[in-house]
Amino acid sequence: MREGLDASAASRAGGPFADARDIADPIPHLLLWVDDEGRIRFLNRHYTDLTGHDREDAVVHQSWRDRIHPDDLEGLLAALRGGRSNAGGLRFEFRLLHADGTYRWMLLSARAGEGGAPGGAWQAEATDIQARMSAEEDLLELQRTFEYRLARQTAELARTEARYSSLFSVSKIAFAEQEMADAAVIVHRLRSEGVTDLAAYMAQHPEVLQECVAAVRTISVNEACMRMLGFDDVDGAVDRPVDSTAEDIEAVLLRQFEMIFYGLENVEGRVMLIGAAGRRVPVFYSVTRLADERQLSSLVDISSQERIEEMRLAAQEELARASRVATVGAFSASIAHELNQPVASVSIDANTGLRLLKREAPDVAAAIRVLERMSTTTQRIATIVKHTHDQITSGQQEMERVDLAELVQRTCELLARDLRSAGISLRQDCEGDVPEVMGSYVDLQQVVINLINNARDSMAETSVGKEIAISLRNLGSEIELAVSDLGTGIRDSDLDRLFEPFFTTKEGGIGLGLQICLSTIQRLGGRMSVANRLDRGAIFSFRLPVSTS
Ligand code: ADP
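Because the structure is a prediction, the values reported are computed rather than measured.

1. Observations regarding the packing of aromatic side chains
- The final tally for this structure, using the stated rule, is 2 aromatic pairs.
- Both rings, one in F261 and one in Y262, keep their centres 4.9 Å apart while their planes meet at 85°; by these two values the pair is edge-to-face.
- On the basis of relative accessible area, Y262 is assigned to the partly exposed category, the value being 36%.
- Directly above the ring of F261 sits R191, whose terminal nitrogen or CZ lies 4.8 Å from the centroid.

In structure tokens, the structure reads:
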């Protein structure tokens, strides 16, 4: 007779398991007693509650095995066999077929040496861990989904990165990428310290601006950029201090720091880049923020556009000059005609007078009459000349509404290159929305050009701090335009004579510039004035009435 049968029969007959059965049955856990060979000798009633399977049959025929998931049976049998002797305690997870036809996960557990079951068997317990296993599976599924998505995103990122870097390297547009993380730390610190206007703060603390500039690194430039700057390899363009890469680099970088400070996505403007062997390249730049405080600049060479703009302005001036020459030419023809007759009459009278006086008996009375006629004729000549002059200087002037702010802007653009090469910086301090004045655009531009050129000449010997400032102020009924410099200033004794024709202190000077300025401004109903600045240099200014039409 098999031992299992024996145990079952014993339990039914009130053998060694009978008492234990009374104790174990009400317990709402699956309890089992196992012998040393791994056979189950007893199952409590909970087994039948769970599986719907007769526990007697399960023990007598060891048919409990049919209720174990085929994938788990082998492992469970081995676990039961080694159960009692397993020093680490028994723990085994298996799936048990339940009465509703589904498998649920159970955890079998017993401690080493634990026993207490009758008949030399030892006792183990199985608890339902389906919920935990499902949760674990859900978690696993979630993890798998997450990993899959991550992998997909990484791949997508890699593709984007590849697209970006191929765009970066093959594009005809020049790109440069800069690392701003260290500068960003400083900029953020300033913000947290309560700074609200970064540009104003940097103007007062240039050492902080320099610290920020020194913290910027160029990480990479593309081939187009390298070629534009005249380098043979990318390293040549990258491995150089950032402050040597452009004129006014501090101003440009300040705007880039402002992007970080104010959270701006993009800034753009014009700058003169410095390339290999000091090559200057004017560019239009547009900077975008990337992740990790990096910034990407796209740079478009605008030297040809600048040349076109300069040529356009030069052509405009040329045209204005030509039209003036043409006007003068037309007038000179009419002057010649008008003057022909009186000049001939003077010439005849002069000869007559001479003849009258050279006689042996000079006819003085007749000579006086001839001289009086000559005097009248010369007066007529003077009147003709004056009339013609008036016509040239005023009658033919085309009056138009002139926006001085725009005129200053364009004139500065026209002269910027010249001034830069003379080491002079040009500052505009123009009030926005200044009303228009009446005048001739070309003549007023000539005035501003003359004043700026004089300011430049006055700083020829100056070595540091060369600056010309142009300001425009709305005084209500008048507009004031002032040009100030940091040059030699004017001797007190010369102050009154500056506007006289042909007054000059320059070698090779003509001394007509200021006279032309004065007559233009006076003709337009304005005034000119000049003064020395308190520290050094001079200020020339003019005021013109606001256009009322
Ligand atoms: P030119 O430039 O041919 O000398 P201008 O009439 O323009 O003729 O100037 C006359 C003189 O006025 C100059 O030679 C110079 O002595 C003086 N002047 C004009 N502008 C300035 C200035 N910004 N600073 C100092 N002196 C000036």
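Still more ground to cover, so stick around.
2. Re the pattern of salt bridges
- Going through the model one piece at a time under the given rule, you end up with 26 salt bridges.
- Salt-bridge contacts for R132 lead to E136; the nearest nitrogen and oxygen are separated by 3.2 Å. Of the two residues, R132 and E136 both sit in helix α6 (residues 130–170), 4 residues apart, roughly one turn of that helix.
- In this structure, E478 engages R527 in a salt bridge whose closest nitrogen and oxygen atoms are separated by 3.1 Å. Linking E478 in strand β15 (residues 478–484) with R527 in strand β16 (residues 527–532), this pair joins segments that are 49 residues apart in sequence.

3. Considering the environment of D443
- Mapped onto the elements, D443 comes out in helix α16 (residues 441–458).
- Owing to a relative accessible area of 9%, D443 belongs among the buried residues under this scheme.
- Considering only alpha carbons, one finds D443 and I516, 73 residues apart in sequence, at a separation of 9.2 Å.

4. Some thoughts on the pairing of strand β8 (residues 266–274)
- In the sheet, β8 pairs with strand β9 (residues 280–289) via 9 bridges, with the strands oriented antiparallel. Pairing of V267 across the sheet is with V287, part of β9.
- Between β8 and β9, which pair antiparallel one after the other, the connecting turn spans 5 residues, and A277 there sits at a positive phi close to 50°.

5. A few points about the confidence of the model for the protein chain
- A residue-level look at the protein chain finds 85% of positions with pLDDT of 70 or above and a mean pLDDT of 83.
- Taken together, the stretch residues 1–14 has pLDDT below 50 and engages in 20 contacts with residues farther than four places along the chain or on a different chain.

6. Side note on the sheet that holds strand β4 (residues 103–110)
- Strand order in this open sheet of 5 strands is β2-β1-β5-β4-β3, and the pairing throughout is antiparallel. Among the strands making up the open sheet, the edge pair consists of β2 (40–43) and β3 (90–97). Between one strand axis and the next, the sheet turns through 30° on average, direction left out of account.
- Note: β4 against strand β5 (residues 122–128), 4 bridges, orientation antiparallel. When the bridges of β5 are listed, L107 appears paired with T127.
- Together, β1 (30–34), β2, β3, β4 and β5 form the strand contacts of helix α5 (residues 70–81), whose direction differs from that of β3 by roughly 145°.

Calculation rules
- Residues numbered from 1 in each chain as written.
- Predicted model: local features only at pLDDT ≥ 70, side-chain atom pairs only at ≥ 80, totals over all residues.
- Heavy atoms only, no water.
- Phe/Tyr/Trp six-rings, centres within 6.5 Å; stacked < 30°, edge-to-face > 60°.
- Buried < 20%, exposed > 50% of the residue type's maximum accessible area, 1.4 Å probe, protein only.
- Lys NZ or Arg CZ within 6 Å of the ring centre and 35° of its normal.
- Salt bridge = Lys/Arg side-chain N within 4 Å of Asp/Glu carboxyl O.
- Helix = DSSP H or I, 4+ residues; strand = E, 2+ residues; numbered from the N terminus.
- Pairing = 2+ DSSP bridges.
- pLDDT = per-residue confidence, 0-100.
- Contact = heavy atoms within 4.5 Å.
- Axes fitted to C-alpha atoms, helices over the stretch in contact; angles between N-to-C directions.

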